[in-house]
Amino acid sequence: MLLSQMAADAAKDYKYDIILANVNGRLTEISDMDITDEKVEFITVGEAVGNEAYKRSVLLLMLNAIHKLDTDNRIKRVTVEFSLSKGLYCDIKGDFVITQEFLNDVKELMRADVKKNLPIKKQGMKTSEAIKLFKKFGMEDKTQLFKYRISSYVNVYSIEGYYDYFYGYMAANTGILKTFDIFQYDKGFVLQLPTKENPDIVPEFAPQAKLFNVLRERSEWADMLGVDTVASLNKHIISGDINSLILVQEALQEQKIVEIVNQIKKRDGVKFIMIAGPSSSGKTTFSHRLSIQLRTQGLKPHPIGLDDYFVDREHTPKDENGNYNFECLEAIDVEQFNEDMTRLLAGEEVELPTFNFKTGRREYKGNFKKLGQDDILVIEGIHGLNDKLSHSLDKKNKYKIYISALTQLNVDEHNRIPTTDGRLIRRMVRDARTRGTNAKGTIAMWESVRKGEEQNIFPYQETADAMFNSALLYELAVLKLYAEPLLFNIPRDREEYDEAKRLLKFLDYFLAID
């Protein structure tokens, strides 16, 4: 029986639409592959890998609609800039002004194509032929990207003669791509897409202004440096001027830290700098860099880790699977933290705790603190932005900073690099080097880590007084040398293999930096 027919027959047994399949442990698209005695498991749009395939496919659907509407060739290129409000913030370059009327026409045409259930065709093509094809379509980012590919062939997708290249699996047809919306925002627009938790519902469009400004600044930096895609980074590497790019990127970040310190200085009464961000966003490194700049302004920073205020292990809450939940607020002794901070603010001397992760208990080892006029506490932890953590402290005494690694690069104009991929690779390298955890273990726990971030960090990011982007344009080219051996070490028969394979394919786009 054909895999496509099996998927159609099995559809009634699944709550959500089937979009991919796992055949003998290998992830694949729904096609007319002949199935005899292979083991087949179907993947729906309600699963992480299926949801990503859905989003890519809707993007192709939109790009085809824009291409058809651009009858007078006024559009030079459509770019996917970054993720925003559960969607993709896009822009249109050329002699063209984005209007709501145009976006309504795009939506109408997309919905018409969904009803037609058009096939999304996949075609293996020689890399040299793909370069010629995309040059014809004016997709210069792709033609440059393929110049650095060792592989002789690439997979190209098309709808009705519109061709594009995507990093990842796609739907077999447009019929299941029913859930999406498009909103005009700022100078561009957002393609709003469903989450895996609710794949049949378009989430509310609720753009976060502060985060958007940081993301836009990120894009402006990348444009200013002439490094907005992987191909442009690779070009810098082979030209031999990567050192200058590294120095400029470092200088830009240091300049941003100085700006934050100047803001802190302008506010009277700040005694607590609260730093929070998702996993592997660079919180500890940023805290040290911020402290150095604070010292240059005559302040005396003292670092405090919220992990030292963990409750004793036996009092740690457990999640739905019976595992300790170290990421919820209740894992912190909030009352003890508030008592200590209030006493410090009042000028008292306080002995601060140190958490012993081996014994699972807080210990007191004579770490006494007393705040003088120029002393300031730099407090780092995932709950730093949540005012419930520091409920007894007046807002005027707190300065909150949100930090994340918001990757500036895209693979090309239509394939963005998710910030979560950059952080996952960072964490994988760190875990292997300093925590004795292999890549399989890091990937296995990543979904749980991200769930904790969604609950405990992202809802509070807009309350921050400042946002800092710790991502470096060149970092994935450096991390590649460390991450690839770790990923190759994951056996094919393990559950984490598909994710390892995806990340290896992703890293293959980059030339390495020693």
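Above this text you will find the structure in question.
Since the model is a prediction, treat every value here as computed from it, not as a measurement.

Draft legend 1. Highlighting the pattern of salt bridges. For the structure shown, the criterion picks out 40 salt bridges. The shortest N-O distance in the salt bridge between Glu 160 and Lys 68 comes to 2.7 Å. One end of the pair, Glu 160, is in the loop between β7 (153–159) and β8 (162–164); the other, Lys 68, is in helix α2 (residues 48–69), with 92 residues separating them in the sequence. Salt-bridge contacts for Lys 196 lead to Glu 197; the nearest nitrogen and oxygen are separated by 2.8 Å. Relative accessible area serves as the criterion here: at 23%, Lys 196 is assigned to the partly exposed category. Through salt bridges with shared partners, one network takes in Lys 68, Asp 113, Lys 116 and Glu 160.

Draft legend 2. Just helix α6 (residues 209–225), in detail. Helix length check: α6, at 17 residues, gives a terminal C-alpha distance of 24 Å against a target of 24 Å (1.5 Å per residue), a fit within 8%. For α6, the elements touching its buried residues are β4 (75–84), β5 (87–94), β9 (181–185), α7 (230–239), α8 (242–266) and β17 (466–469). Within two residues after α6, Gly 226 carries a phi angle of roughly 70°, on the positive side.

Draft legend 3. Quick look at the pairing of strand β2 (residues 26–29). Here strand β1 (residues 18–23) pairs with β2 via four bridges, running antiparallel. Its bridge partner being in β2, Leu 20 is matched across the sheet by Glu 29.

Draft legend 4. Quick look at the sheet that holds strand β3 (residues 40–44). Taken in spatial order, the three strands of this open sheet run β2-β1-β3, and their pairing is antiparallel. The sheet terminates laterally at β2 and β3, the two strands that pair on one side only. The average undirected angle you get between the axes of adjacent strands in this sheet is 35°. Sitting on the sheet, α2 is in contact with β1, β2 and β3, with an inclination near 130° to β1.

Draft legend 5. Seen up close, the environment of Met 110. Tracing the backbone shows Met 110 in helix α3 (residues 100–116). When near neighbours in sequence (up to four residues on either side) are disregarded, Met 110 contacts Val 58, Leu 61, Met 62, Ala 65, Phe 180, Ile 182 and Leu 191.

Draft legend 6. Focus on the packing of aromatic side chains. Applying the stated criterion across every chain, the model contains 22 aromatic pairs. Judged by centre distance (5.0 Å) and plane angle (90°), the ring pair of Phe 146 and Tyr 165 falls under edge-to-face. Placement of the pair is Phe 146 in helix α5 (residues 140–146) and Tyr 165 in the loop between β8 and β9, with a sequence separation of 19 residues. Measuring from ring centre to ring centre gives 5.9 Å for Tyr 167 and Tyr 509, while their planes differ by 90°; the resulting arrangement is edge-to-face. Of this pair, Tyr 167 sits in the loop between β8 and β9 while Tyr 509 sits in the segment after α14 (497–507), placing them 342 residues apart in sequence. For the pair shown, Tyr 167 and Tyr 509 are each scored as buried.

Draft legend 7. Up close: the environment of His 414. Considering the arrangement of structural elements, one finds His 414 in the loop between β16 (398–404) and α11 (419–435). Each C-alpha atom, one on His 414 and one on Leu 63, is 9.1 Å from the other, the two residues being 351 residues apart in sequence. In contact with His 414, not counting residues within four places along its chain, are Leu 59, Leu 63, Val 78, Val 80, Met 139, Lys 142, Tyr 162, Asp 164 and Phe 166. A polar contact is formed between the side chain of His 414 and the side chain of Lys 142, at a distance of 3.4 Å.

Draft legend 8. How the structure looks around the sheet that holds β16. On the basis of which strands lie adjacent, the open sheet formed by five strands has the order β12-β15-β11-β16-β17 and parallel pairing. This sheet does not close on itself; its edge strands, each paired only once, are β12 (300–305) and β17. Across this sheet, the average inter-strand angle for adjacent strands is 25°, counted without regard to direction. Bridge count for strand β11 (residues 272–276) against β16 is five bridges, and the pairing is parallel. Bridging from a neighbouring strand, Ile 273 pairs with Tyr 399 of β16.

Draft legend 9. Layout of the packing of α2 against α3. At their nearest, the axes of α2 and α3 sit 9 Å apart, and the two run at 120° to each other. Between α2 and α3 lies a crossing whose hand is right-handed. Judged by residue contacts, Val 58, Leu 61, Met 62, Asn 64, Ala 65, Ile 66, Lys 68 and Leu 69 of α2 engage Phe 102, Asp 105, Val 106, Leu 109, Met 110, Asp 113 and Val 114 from α3. Looking at the contact of α2 with α3 residue by residue, the classes come out as 11 nonpolar, one polar and three charged.

Rules behind the numbers
- In this numbering scheme, every chain counts its residues from 1 along its sequence in written order.
- In keeping with the model being predicted, local features are shown solely for residues with a pLDDT of at least 70 and side-chain atom pairs are shown and tallied solely at 80 or more, while totals for entire chains, interfaces and linings include all residues.
- Processing note: side-chain calculations cover all non-hydrogen atoms of the structure and skip hydrogens and water entirely.
- Basic side-chain nitrogens of Lys or Arg form a salt bridge, by our definition, when they fall within 4 Å of a carboxyl oxygen of Asp or Glu.
- Each helix corresponds to a stretch of at least 4 residues labelled H or I by DSSP, and each strand to a stretch of at least 2 residues labelled E; elements are numbered beginning at the N terminus.
- Burial classes: relative accessible area under 20% of the type maximum marks a residue as buried, over 50% as exposed, and values in between as partly exposed (1.4 Å probe, protein chains only).
- Working rule for helices: expected span equals 1.5 Å times residues minus one.
- Residue contacts are defined here by distance: any two heavy atoms, one from each residue, within 4.5 Å place the two residues in contact.
- Pairs of strands are assigned from DSSP output, requiring at least two bridges between the strands.
- Working convention: axes come from line fits to C-alpha atoms, limited for helices to the stretch in contact. Angles between N-to-C directions cover 0 to 180 degrees.
- What counts as a ring pair is set by centres within 6.5 Å for rings of Phe, Tyr and Trp (its six-membered ring), and what kind of pair is set by the plane angle: stacked under 30 degrees, edge-to-face over 60, tilted for all other angles.
- Whenever two N or O atoms come within 3.5 Å, that pair is a polar contact, provided that in protein one can donate a hydrogen and the other can accept it, and provided that, for residues adjacent in sequence, both atoms are side-chain atoms.
- Each crossing is labelled by how the near helix is turned from the far one, with a counterclockwise turn of less than a right angle marking it left-handed and a clockwise turn marking it right-handed.
- In the scheme used here, Gly and all other residues not listed as nonpolar or charged are polar, with Ala, Val, Leu, Ile, Met, Phe, Trp, Tyr, Cys and Pro taken as nonpolar and Asp, Glu, Lys and Arg as charged.

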